[in-house]
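# Structural overview for review
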Amino acid sequence: MARDEILLLLEAADHPRDRALVAFLANTGLRISEAVHMRVRDVAFNKGELYVYLPKTKEEVTVPLSLDLERELREWLRVYTAEVGVLKRSFYLFPVFEKPRFLHGHAQVPNRERILKPEGWITHPTYIIKDIAVKAGIELDPGDAWHTLRRSFARILYDDCVDQGHDSALRIVQAALNHKEVSTTERYLGLDIERQRYTHMIKGKPFLTANGDGGKIIPLDERRAGRV
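A brief structural summary. (Residues numbered from 1 in each chain as written. Predicted model: local features only at pLDDT ≥ 70, side-chain atom pairs only at ≥ 80, totals over all residues. Heavy atoms only, no water.)

Let us now look at the overall build of the chain. The helix and strand tally for the chain stands at 10 helices and five strands. Looking at the chain residue by residue over its 228 residues, the buried ones come to 36%. In the chain, once contacts between residues fewer than 6 apart in sequence are set aside, the share between residues at least 24 apart is 53%. (Helix = DSSP H or I, 4+ residues; strand = E, 2+ residues; numbered from the N terminus. Buried < 20%, exposed > 50% of the residue type's maximum accessible area, 1.4 Å probe, protein only. Contact = heavy atoms within 4.5 Å.)

In this model, Lys58 sits at a positive phi of 55°, which is unusual for a non-glycine residue. Along the chain, Lys58 turns up in the loop between strand S2 (49-54) and strand S3 (59-64). Even without a glycine there, the phi angle at Asn178 is positive, about 60°. If you trace the backbone, Asn178 turns up in the loop between helix H7 (169-177) and helix H8 (182-189).

The next subject is the environment of Arg78. Inspection of the secondary structure puts Arg78 in helix H4 (residues 67-84). Separated by 62 residues in the primary sequence, Arg78 and Pro16 have C-alpha atoms spaced 9.9 Å apart. Here the side chain of Arg78 touches Glu75 through a polar contact of 2.6 Å, side chain to side chain. (Polar contact = N/O pair within 3.5 Å; in protein donor to acceptor, adjacent residues only side chain to side chain.)

Turning our attention to the sheet that holds S2. What the three strands build is an open sheet, ordered S1-S2-S3; its pairing is antiparallel. Lying at the two open borders of the sheet, with one neighbouring strand each, are strand S1 (43-44) and S3. Here S1 pairs with S2 via two bridges, running antiparallel. In the sheet register, Ala44 faces S2, and the bridge partner there is Glu49. (Pairing = 2+ DSSP bridges.)

Along the chain, Asp18 turns up in helix H2 (residues 16-28). Every residue in contact with Asp18, bar those within four places of it in the chain, is listed here: Ala13, Arg114, Ile128 and Ile132.

Glancing now at helix H1 (residues 3-12). For H1, the set of buried residues is Ile6, Leu9, Leu10 and Ala12. Taken together, the buried residues of H1 touch H2, H4, helix H5 (126-136) and helix H6 (147-163).

With that settled, the discussion passes to the packing of aromatic side chains. Taken as a whole, this structure holds two aromatic pairs when the rule is applied. Relative to Phe94, the ring of Phe24 has its centre 5.4 Å away and its plane inclined at 70°; by these criteria the two rings are edge-to-face. Placement of the pair is Phe24 in helix H2 and Phe94 in the loop between H4 and strand S4 (95-97), with a sequence separation of 70 residues. What makes Phe24 buried here is its relative accessible area of 0%. Ring geometry for Trp76 and Tyr80: centres 4.9 Å apart, planes at 15°, overall stacked. Within this pair, Trp76 and its partner Tyr80 are both found in helix H4, separated by four residues, close to a single helical turn. Each member of the pair, Trp76 together with Tyr80, is buried. Arg74 extends its terminal NZ or CZ atom over the ring of Phe45, reaching a point 4.1 Å from the ring centre. (Phe/Tyr/Trp six-rings, centres within 6.5 Å; stacked < 30°, edge-to-face > 60°. Lys NZ or Arg CZ within 6 Å of the ring centre and 35° of its normal.)

Further remarks concern the nonpolar core. Leu9, Leu21, Phe24, Leu50, Phe94, Trp146 and Leu149 are the most contacted members of the largest nonpolar core, which totals 49 residues. Listed by contribution, the elements that provide at least two residues to this core are H1, H2, helix H3 (32-35), S2, S3, H4, H5 and H6. Contact partners of Trp146, with chain neighbours within four places excluded, come to Leu21, Val22, Leu25, Ile32, Pro125, Thr126, Ile128 and Ile129. Counting 11 residues, the second-largest nonpolar core is a separate cluster that includes Phe153, Ala154, Val162 and Leu177. (Core = buried A, V, L, I, M, F, W, Y, C linked by side-chain atoms within 4.5 Å.)

Shown next, in the form of structure tokens:
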């Protein structure tokens, strides 16, 4: 998924919580299981950091906070506060909604108002991204759901690193995804890394004349005539 498609997802989210959750995954590359367990206390705007517990490795890591994500989170926390009051540090960053209640005097008509439940975490997040994708007109691969954003983050970061001339592009993505082995990252990106490097070195660039005089080619007949 390219940057413009992710932006479409953001605009298609019909609740600030869902928009913030999409922004969170797209800017960090974290797993949805890690995101839904984040607490308000895990965001440090003053340090530009996020503190994330990784259940898979049972460790806490520090994740940099991009400017885009900071803006999204600040807006979401403003809305969150307006709805529930002063936020406790222990509140979930992306809380679940309370189950619909039946309208007073209408036993069979549920109240569709979405009320946040700060002490509860989202247990079935897949429906959120699928609903947003449908509204954005984006088709997700079967079974991918939120994982699409993690893969998209990885590919965008890798391409940016290559474009900026980082020799350690793969290692940077490995660190961002919290992979123990670089081979895991290579398989994850779905790239033949050496072929990618080869393409980047050759495509649209001089090869035989790379260290010469800018590409001047001397005709063979001139060489044979001894004019050079």
